[in-house]
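Letter by letter, the chains look like this.
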Amino acid sequence: MPAYNPASIEPKWQNFWLENRTFKAEMVVDRPKCYVLDMFPYPSGEGLHVGHPEGYTATDIVARYKRARGFNVMHPMGWDAFGLPAEQYAIKTDTHPSVVTQKNIERFRKQLQAIGFSYDWSREVDTTNPKYYRWTQWIFLQLYNTWFDVGAQRGRPISELIDEFAAGTRMPEGSKAWNQMSDGEKRRLLEGYRLAYQLEAPVNWCPALGTVLANEEVIDGRSEVGGFPVERRPMRQWMLRITAYARRLLDGLDGLEWSESLKLMQRNWIGQSEGAMVQFQTDDGPIDVFTTRPDTLFGATYLVLAPEHPLVNLASKTCCLPAAWPAGTPAAWMGTPAAGAPRAAIAAYQGIAAARSERQRQEDVQKTGVFTGLMATNPVSHDRIPIFISDYVLIGYGTGAIMAVPAHDQRDFDFARKFALPVRQVVKANGAEQPLPFEGSGVAVDSPAINGLPTAEAKAEMCRLLEAQKIGRRQVSYRIRDWLFSRQRYWGEPFPLVHLQDGTTAPLADDQLPLLLPEMSDFKPTQTIDPPLSKAADWRDVMVLLSGAAEDPVARVVAADTPGAVRARRELNTMPQWAGSCWYYLRYLDPLNQDHFCDPQIERYWMGTPSGVDLYVGGAEHAVLHLLYSRFWHHVLYDRGHVSGAEPFRKLINQGLILGESEYTGFADASGCAISIDDVDPQWSTQAGPDGKSLLVSRRRSDGAVVYGRAVETQYVDRRGDAAVLKADNNIRLDARSFKMSKSRGNVVNPDDVIQDYGADSLRLFEMFMGPLEQVKPWSMAGVEGVYRFLGRLWRHIIGTPEFPSRLVHKKNGIYYRGPTKMSVEESQIAEQESQSLLRPLHRTIRKVTLDIDRLSFNTAISAMMEFNNLIGKTRTVDQDMALTFVRLIEPFAPHIAEEVYHQIRGDGALASISAEPWPQYDDAVCEEDSMDLPVQVNGKLAGRVVVSALATESYILEQARADPQISSRLAGREIKKHVYIKNRMLNLVVQG
RNA sequence: GCCCGGGUGGCGGAAUGGCAGACGCUCAGGACUUAAAAUCCUGUGACCGUUUUCGGUCGUGCGGGUUCGACUCCCGCCCCGGGCACCA
C-alpha cells in the first residue's frame, strides 16, 4: 500500500462527490430537517484566506454529522458579489465589474471545493445574477408596499391603510381629511407611512468613494472601507423604516440561541430607553422633549435644541426667532463673535455645526451653543427658562430637543458652567453627600409633589402627574436610526421604481422585474452627487403607463408613442451591499423558482420546525449590521405572510479571528547592541531594510536614539515569566505577539499552500484543533504538521505502507484473518485480546466525539480521536469493524481520508459513500471502567490512591484508604472527623489540624 | 468613560466545584540507518532533597472570602482583547 498521500486521494473524492451529487438536499416532508448555514463570502480578488475555512469547516462537520444522524441537511453556499471593491477594481483595470466578479467567483468556488465541503452546489446563489436580484427588488417592493401598524406592532399592506383611510376608521396624520385630498396628496401622504421612503437629509458623503455611507459604515469620521474622510451633506436618499421594528427586533432576541454578548451588542445598537415625553410651553407653541429622568424636571433650568431643529430652521415657516435679543442677554450667549440679533447668531452657529463632521463634534469636548432669544416655561416649577441651540443635542434622537438638568447630567453641567446658567439640585444621594453633577439614583428633593420619593418611584409619580395634566406621558425611545438604503454606485441592485413628474414615485409592476443594470462602458463616479447611473441617459429617461389605484399606482415602461404614457425618470441610486445578503438564506431553499422568491411549502419545511436556520456561523464583524438588517427584512416578510417565522437564525455562533504566526521582535541600536523592549518607544514605524525585508524603526526611551527592530527566530527565544527574552542574554526582553493577517504585514496564510503541502484534511483538522471555535487563535504551521502526522499514523495503522504493514484483521466464524490469510491460533488469541481491550476506549471515543460535536467543541473531539489512534498504535492488530467505526467518526472532520480508507476496507461491500453510513452508537455500560484508581485526599490534598472495583461500597473504600500505608502516614494517627466521598471520583478524609 | 469577553507550562490549549496541565507543538535523549529524512520509544510546570528508583514544597494574573475541597463560585484590584461612546 502506498503511504498516505492526500494529493492523490482528495481530488478523486471531491470529483466523486460532485459528479454523484452526494450532498444534494431534497425536501422530504417526513424527515427531520437541519439547516446549517455559513455566512456567504464576498468573492474578493485576493481569494480565500485561512479565516474563511474556519467557520466553514465547523458547519461542514455539523452538516456531515447531522446527515449521519438521519437528518435531512441543507448546507448551501453562494456569493455576496455586489460591492465596492469589484467596482473599484473594474474602474482601475477598465473591465466590467461583472467580468471581475465572475472571475473571482470561479476562483472562490474552486478553492472551496478543494477543501471538500459537503455543499449542495446545485443551490449556489449569486447576488449579482438578475435571476437573484429580481427577488431582491421584489422584496424591496414589499417593503415599499408595507406600513407599520403601531397599535398591532405589525407590518401590513399599504392597501389596507388606504382602505382604513377611505372608510374613516383611521385618520391620516395632518390636517386634511383623506377624501378631500387629491391623488397626488394621497400618494405623498402614503409615502410617510411606507417602510421604504425618501428623505432629504444630511448624510455621510464620502468624496473619495463618490458615495453616501450608512452611519454604521463610518468609523471615527472615516469610511469603513478605505478609511477616507467623510463629510455631512444634505441629499435625497432612500430610507428603510427599521425604527418601526425596534421593539420587535429587541424582543425577538430573547428567544434566540445567540451568545449573550452578541445579543447585548444588538440590544445596545437598538438602544431602548424608558422615560417621558414632556411638553414645555413657549410664547410660540409647545416644545416636546424626551427625558429618561422625569424625576429631575424641577431641576430643568434651560432647554437645548439641536442646530437642525425645525423651530430654528430659518428657511421654514415654523421658525419663530425674535428680531432682537431680549433685554439683559449676556454677550456670551450671542455667539462668537457676538451677533447683533438671534437670527444672525443662529445662522452662524448652524453653519459651523453643519460643516463639522461627527468626528470633529466628538473630538471637541468643549460645549458650544447660542441663545435663541426664546424663553420657555418649566411645566412644574413654572420658571421662565432660556432656550439654546447646541450641537451636543442630536437631531436624530428623541425630538431633537432636551430639557437640561445641569445638577444631574454631566453634559448639561458643562454647558451650564460655560454659559453661567443656574444649577438646581433636585436629587440627593443616599448616604454621603455627592458632588454635582450627580447622575445616580437617590431621593427627590426641592421638587414639590415628589419630595422624598426614591428615584424609581419619583419617575413613575412624575409620569402620572404629567399624564394627569396632559403635559407629558411615558415614552419609550430607541437609539437606532432608520437605515440609509441608497448608494451612489454602479455595482448594486437598481431600485425598481420611477420618479414621476409631479415629484411622486411609482413602483414598477412585478412583471417588469428584474430591472437590469444598464450596460455601461463608463461607470466611474461622476465626482458630483449624481450617481454613475445618471450617465445612462437611454436607461434613465423612460415613458411609463400607470395602472392600478390612482393613489397607489404601478408603472410599466412602454414605447414613447403609447397612448396615456407619461414621462418618468428612473431612480439613479443603487441598493447597498447588505440588500442581497438580507435574504440569501431563503433563496438557497428554492434557487431556481421563477414565480416566487421561494415556494411557501418549501420554506415551511426548511424554516418551519424547528423554526429558522438551525446553525448559522460567521464572523463577529456582522454582529450588528447584517444580522440586524436581515432580521428586519425577515420580520417584514413574516408580517406579510411570506415566511413561516419571524426570526431567521435560531442558533448563531461567531467564529474567532485567526491571527498570523506568533512573531518575536528584538531591538538593537545603530551599533548593533541589543536593547530590551522596555526601553523602546512603542510607537514604531516600518521601513525597508538593506536586505529588502521590512525593518522596524523606533527610538530608545532613555536617550531618544534611533533603534531598529527585526524579527527573531523562535530558536533564539527563551521564556522568563511573562516575558520573552533572548536566549543569549536573558536581560534582553523581546516583543512577542501575533498579528491580524494582512497583506502589508506579509503574514497571510493561503489555504491553497496548506492544501498543497499537507492536504485539505489536515487543513480542516488543524483549523478545528487550534482551539475553541469562538476564540481568537494564532496560526501555526507546526501545528498543521502535527495533525498531518496524526492522519499519517491513522493511515499506517489501518491501511499500512510498504514499511509499516497494516494492523487490520477481521474475524470470520470465530477465526481471525489478516487479509485473506488465516491467522495462527496464538495470533488469533492476541487479536481477540486486543480487540477486547480496544472496545471500551472505542465506545468512550464515540461518546466523546458525539457529545463534543453537539456542543461544537471540535478541538476536544479531535484530541479524543488522536488518543484512540495512539492506542491502536500500541496494539499489533485492529479489528476491521472497529477501524470502520473509527473512520466513520473522523469523516465529518477529515472526509477524504475517511472515504478512501472506508472504500479500501469495505471493497465491493461499500456503500457509494461513507457519508451514507449511519453514525456509530455507544453503550454507556461499555464505557464504564470495572475497576478504578480512586484518588484519596487528606484535608483536600492528594495523599494517595486506592485501586477498587467500580462496584465497591463507600465503607469498603474508606477501609482500603485507612489501610493504605502511604495514606495512613499522612493521617499521622489523627482521628478522621468526617469524610466526603464523591462516587467514582474521589474520597476526601478530614482530620484535625 | 460605560458595557461585554478573557488571563492556566516554552507555545496552542484541556479540565465549569472533586487527580491541574488531556491532546498537539517545541525541545532533549534513545532506537532504526553508512548517513539523513521519515518512523518508533522515553522525558519535558517550577523549585528542593535523594542524585536510577523515590519523596517533598510551590503552582491556573494579584489580594481577600465561601467550602471538607476553588482554574472553576463571591468581593476588590491589575493587565489584554472586543463593542459602544455627547443617545438626554
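Anyway, here's the lowdown on the structure attached to this text.

Definitions and cut-offs
- Residues numbered from 1 in each chain as written.
- Chains lettered and ligands numbered in written order.
- Predicted model: local features only at pLDDT ≥ 70, side-chain atom pairs only at ≥ 80, totals over all residues.
- Heavy atoms only, no water.
- Core = buried A, V, L, I, M, F, W, Y, C linked by side-chain atoms within 4.5 Å.
- Buried < 20%, exposed > 50% of the residue type's maximum accessible area, 1.4 Å probe, protein only.
- Contact = heavy atoms within 4.5 Å.
- Phe/Tyr/Trp six-rings, centres within 6.5 Å; stacked < 30°, edge-to-face > 60°.
- Lys NZ or Arg CZ within 6 Å of the ring centre and 35° of its normal.
- Pairing = 2+ DSSP bridges.
- Helix = DSSP H or I, 4+ residues; strand = E, 2+ residues; numbered from the N terminus.
- Axes fitted to C-alpha atoms, helices over the stretch in contact; angles between N-to-C directions.
- Near = heavy atom within 4 Å.
- Polar contact = N/O pair within 3.5 Å; in protein donor to acceptor, adjacent residues only side chain to side chain.
- Nonpolar A, V, L, I, M, F, W, Y, C, P; charged D, E, K, R; others polar.
- Salt bridge = Lys/Arg side-chain N within 4 Å of Asp/Glu carboxyl O.
- Parallel < 35°, antiparallel > 145°, perpendicular 65-115°, else oblique.
- Left-handed = near helix turned anticlockwise from the far one by under 90°.
- Expected span 1.5 Å × (residues − 1).
- Bend = angle between axes of the 7 residues up to and from the residue.

Things to note about the nonpolar core
In a soluble, globular protein the nonpolar side chains are often hidden away together inside. Ranked by internal contacts, the top residues of the largest apolar core, which has 153 residues, are Trp633, Trp779 and Phe893. Beyond its immediate chain neighbours, meaning those up to four positions away, Phe893 contacts Ile61, Arg764, Leu765, Val849, Ile853, Phe858, Ala861, Ile862 and Met865. Leu297, Val304, Ala401 and Ile471 belong to the second-largest nonpolar core, a separate cluster that totals 56 residues.

So, the packing of aromatic side chains
In this description, an aromatic ring pair is defined by two values, namely the gap between the centres and the angle between the planes. One pass over the structure, following the stated rule, counts 54 aromatic pairs. In textbook terms, an aromatic cluster arises when at least three aromatic residues are bridged by ring pairs, as seen for Phe140, Tyr144, Trp238, Trp483, Phe485, Phe495, Trp578, Tyr629 and Trp633. Above the plane of the ring of Tyr392 lies Lys367, whose end atom (NZ or CZ) is 5.4 Å from the centre. Over the ring of Phe804 we find Arg796; its NZ or CZ atom is 5.4 Å from the centre of that ring.

Remarks on the sheet that holds strand 8 (residues 211–213)
As summarised here, the arrangement of the 4 strands in space is 8-7-11-21, forming an open sheet in which the pairing is antiparallel. Unpaired on one side and paired on the other, strand 8 and strand 21 (483–484) mark the two borders of the sheet. When strand 7 (residues 196–206) meets strand 8, the two strands line up antiparallel, connected through 3 bridges. Following the sheet pairing, Asn204 is matched in strand 8 by Leu213.

A word on the sheet that holds strand 24 (residues 541–547)
The 5 strands are arranged 23-22-26-24-25 in an open sheet whose pairing can be described as antiparallel. Two strands lie at the open edges of the sheet, namely strand 23 (505–507) and strand 25 (554–558), each paired on one side alone. Across the sheet, the mean angle separating the axes of adjacent strands is 50° when strand polarity is ignored. Across 4 bridges, strand 24 lies against strand 26 (residues 566–570) in antiparallel orientation. Paired with Asp541 across the bridge in strand 26 is Arg569. Contacting strand 22 (497–500) and strand 23, helix 5 (residues 130–144) runs over the sheet at an angle of about 130° to strand 23.

Quick notes on the protein's contact with RNA strand B
Looking at RNA strand B, there are 53 residues lining it, with Ser273, Thr292, Arg411, Arg945 and Asn988 nearest. Of everything in RNA strand B that lies within 4 Å of the protein, sugar and phosphate atoms constitute 68%. Contacts to RNA strand B include Thr291, whose side-chain N or O atom sits 3.2 Å from a sugar or linking oxygen. Separating a base oxygen of RNA strand B from a side-chain N or O atom of Asn988 is a distance of 2.4 Å. With 6 residues, the single largest contributor to the surface near RNA strand B is helix 23 (residues 858–873). Taken together, the residues that form the surface near RNA strand B break down as 21 nonpolar, 14 polar and 18 charged.

Focus on the pattern of salt bridges
Inspection of every chain in the model, using the stated rule, returns 46 salt bridges. Where Glu257 meets Arg650, a salt bridge forms, and the shortest distance between an N and an O atom there is 3.6 Å. Of the two residues, Glu257 sits in the loop between helix 8 (246–252) and helix 9 (260–270) while Arg650 sits in the loop between helix 18 (625–639) and strand 28 (652–655), which places them 393 residues apart along the sequence. With a relative accessible area of 41%, Glu257 lands in the partly exposed category. Across the pair Asp295 and Arg293 runs a salt bridge, and its minimum N-O distance is 3.0 Å. Judged on exposure class, the residue Asp295 and its partner Arg293 are both buried.

Examining the packing of helix 21 (residues 781–798) against helix 23
Two elements in contact, helix 21 and helix 23, have axes whose closest approach is 10 Å; the angle formed by their N-to-C orientations is 40°. Relative to helix 23, helix 21 is oriented oblique. For the element pair helix 21 and helix 23, the recorded crossing hand is left-handed. Across from Val787, Phe790, Arg793, Leu794 and His797 in helix 21, the residues of helix 23 making contact are Met865, Met866, Asn869, Asn870, Ile872 and Gly873. Tallied by class, residues from the contact of helix 21 with helix 23 come to 6 nonpolar, 4 polar and 1 charged.

Focus on unusual backbone geometry
Residues Leu436 and Pro437 are joined by a peptide bond in cis, for which omega reads 0°. By the element assignment, Pro437 lies in the loop between strand 18 (427–429) and strand 19 (442–444). Residue Pro514 is reached from Leu513 by a cis peptide bond, and omega for that bond is -5°. Along the polypeptide, Pro514 turns up in the loop between strand 23 and helix 14 (537–540). Even without glycine at this site, Gln153 takes up a positive phi of about 55°.

Concerning the environment of Lys524
By secondary structure assignment, the location of Lys524 is in the loop between strand 23 and helix 14. The exposure class of Lys524 is partly exposed, given its relative accessible area of 36%. Along the sequence, Lys524 and Gly210 sit 314 residues apart, while their C-alpha atoms lie 8.9 Å from each other. Look past the residues within four positions of Lys524 in its chain and what remains in contact with it is Ile91, Pro532 and Lys535.

Quick look at helix 22 (residues 825–854)
Under the 1.5 Å per step criterion, the end-to-end length of helix 22 is 43 Å for 30 residues, consistent within 8% with the ideal 44 Å. Most pronounced at Leu839, the bend in helix 22 amounts to some 30°, and the proline Pro841 follows within four residues. One or two positions beyond helix 22, positive phi appears at Leu856, with a value near 55°.

Let's talk about the side chain of Ser835
Here Ser835 is to be found in helix 22. With relative accessibility at 13%, the residue Ser835 sits in the buried group. Ignoring any residue separated from it by four or fewer positions in sequence, one finds Ser835 in contact with Tyr816, Asp879 and Met882.

As for the side chain of Gln111
Along the chain, Gln111 turns up in helix 4 (residues 97–113). Apart from residues no more than four positions distant in its own chain, Gln111 is found in contact with Gly47, Leu48, Asn750 and Asp752.

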